[in-house]
Amino acid sequence: MRFDNTVSLVYTVFDKLLCGVLLRAALAESSADRYRIENGRAKAAMNYSVEESLAAWNANAEFWDGCMGDESNDFHRETVRPKVTELLNPERGDFILDIACGNGNYSAYMAQRGARVVAFDYSEKMIELAQKRQSRLSGLIEFVTADAASAESLLLLKRDRPYTKAVSNMAVMDIADVTFLFSAVNKLLEKDGAFVFATQHPCFVTLTDKYMTPHAYLGEAIAGQPVKQCYYHRSMQDIFNLCFDNGFVIDGFYEECYKENEIPAVIIVRARKCR
Ligand SMILES: C[S@@+](CC[C@H](N)C(=O)[O-])C[C@H]1O[C@@H](n2cnc3c(N)ncnc32)[C@H](O)[C@@H]1O
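Parameters and conventions
- Residues numbered from 1 in each chain as written.
- Predicted model: local features only at pLDDT ≥ 70, side-chain atom pairs only at ≥ 80, totals over all residues.
- Near = placed C-beta within 6 Å.
- Helix = DSSP H or I, 4+ residues; strand = E, 2+ residues; numbered from the N terminus.
- Nonpolar A, V, L, I, M, F, W, Y, C, P; charged D, E, K, R; others polar.
- Pairing = 2+ DSSP bridges.
- Axes fitted to C-alpha atoms, helices over the stretch in contact; angles between N-to-C directions.
- Buried ≥ 20, exposed ≤ 12 C-beta atoms within 10 Å, placed from the backbone.
- Contact = placed C-beta atoms within 7 Å.
- pLDDT = per-residue confidence, 0-100.
- Right-handed = clockwise from strand over helix to strand, strands pointing away.
- Core = buried A, V, L, I, M, F, W, Y, C linked by C-beta atoms within 7 Å.
- Parallel < 35°, antiparallel > 145°, perpendicular 65-115°, else oblique.

A. The site of the ligand, seen in detail. The environment of the ligand is made up of 25 residues, and the closest members are Ala 100, Gly 102, Tyr 122, Ala 148 and Asn 169. Of all elements in the fold, only α2 (50-68) and α4 (105-112) reach the threshold of two or more residues within the shell around the ligand. Residue contributions to the shell around the ligand peak at 4 residues, all from α2. Residue classes in the shell around the ligand are distributed as 15 nonpolar, 7 polar and 3 charged.

Put into structure tokens, the structure is as follows:
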């Protein structure tokens, strides 16, 4: 009997220790991931902060500018630009906000088509390089350092008139928190204004082992870049609902492939301000 009790005590202690270890491992995993569900919707509680992603983009800015040059790379030229331009149709008389503009190549393209442009990026290094590269168009493009994840920073982009259009090329998946971006762009646009954005396809490119839950991970945009950058995965319904919840309807949509590939790399969305 005593022997049985001792054995059962040992088992109980072992059981509790094991449970403790497993529980600690589970807690460590959930706090590392920092995912949460609110009101039945996955909420972007990403595990890399704006500061961490900014440090990476400042470190990569010169490399990025060197790779993009004046013409951008063939991925941008072939897979991103044609459908973005079709949906955005930048033209004379437009006043366009270029969100996360990188080295300003697309801002320059819009300016050459006759638009006035305010272009921003949170990397001060990138903005410095964009100003230098696009200096011949300085009268048409205003380059600004601003953070697309900050409501205050975004509202400072308000100018003498509402924007007719807004564009973001390949950056929504790089922005730590896009909640404020969609509501601020809605406020900054004129009635019926269009917000066109291209971002990595969430079903095929930013997909990891999780699809439904927003999460961040480290990756490389261009082979050989100095440091890895932070990517932020959001499901298609989260991206679409950001538009619907912030006063937009979607009235244009493409999935674009790179070269002959049958798996699309990019989604291109036109969100039209409806309220
Ligand atoms: C892949 S690059 C695209 C640049 C440019 N739009 C293009 O197509 O060449 C992503 C850009 O997003 C910028 N970015 C990332 N998070 C941002 C944020 N929170 N606010 C503003 N810019 C951000 C980065 O600095 C980088 O220039």
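The discussion continues.
B. A look at the sheet that holds strand β6 (residues 163-169). On the basis of which strands lie adjacent, the open sheet formed by 7 strands has the order β5-β4-β3-β6-β7-β11-β10 and mixed pairing. Both outer strands of the open sheet, β5 (141-145) and β10 (248-256), are each paired with one neighbouring strand and no more. Between one strand axis and the next, the sheet turns by 15 degrees as a mean value, whatever way the strands run. Pairing geometry for strand β4 (residues 116-121) and β5, over 5 bridges, is parallel. In the sheet register, Ala 119 faces β5, and the bridge partner there is Phe 143.

C. Geometry of α4. Extensive coverage of α4 is indicated by the burial of 6 of its 8 residues. Looking at α4, one finds that the buried residues are Asn 105, Tyr 106, Ser 107, Ala 108, Met 110 and Ala 111. Buried positions along α4 lie against α2, β3 (95-99), β4, β5 and β6. Directly after α4, the chain includes Gly 114, whose backbone phi takes a positive value near 105 degrees.

D. Summary view of the confidence of the model for the protein. Per-residue pLDDT for the protein averages 87, and the proportion of residues at 70 or more is 84%. Predicted confidence for residues 1-44 stays below pLDDT 50, and this span has 21 contacts to residues more than four positions away or in other chains.

E. Highlighting the pairing of strand β7 (residues 189-200). A large share of β7 lies buried, amounting to 9 of its 12 residues. As paired elements, β6 and β7 share 6 bridges and run parallel to each other. When the sheet's bridge partners are listed, Asn 169 is paired in β7 with Ala 198. As for the winding sense of the linkage, the β-α-β connection from β6 through helix α7 (residues 179-188) to β7 is right-handed. Pairing between β7 and strand β11 (residues 266-273): 7 bridges, direction antiparallel. Along β11, the bridge assignment pairs Gln 200 with Val 266.

F. How the structure looks around the nonpolar core. Counting 66 residues, the largest nonpolar core has Ala 166, Ile 175, Phe 195 and Val 196 as the members making the most contacts within it. Considering every element that reaches this core, the biggest residue donor is β7, with 6 residues.

G. The arrangement of the environment of Glu 51 in detail. Here Glu 51 is to be found in helix α2. In sequence terms Glu 51 and Ala 176 are 125 residues apart; their C-alpha atoms lie 9.3 Å from each other.

H. Structural view of the packing of α2 against helix α5 (residues 124-133). Between α2 and α5, whose axes approach to 8 Å, the crossing angle comes to 25 degrees. In this view, α2 runs roughly parallel relative to α5, as classed from their interaxial angle. On α5, the residues touching Trp 57, Asn 58, Ala 61, Glu 62 and Asp 65 of α2 are Lys 125, Met 126, Leu 129 and Arg 133. Here the residues of the contact of α2 with α5 are counted per class, giving 4 nonpolar, 1 polar and 4 charged.

I. View of unusual backbone geometry. We note that Met 170 has phi near 50 degrees; this positive angle belongs to a residue other than glycine. As for its placement among the helices and strands, Met 170 is situated in the loop between β6 and α7. Residues other than glycine seldom take positive phi values, yet Asp 192 does so here, at roughly 65 degrees. Here Asp 192 is to be found in strand β7. Classification of Asp 192 by C-beta neighbours within 10 Å gives exposed; the count is 9.

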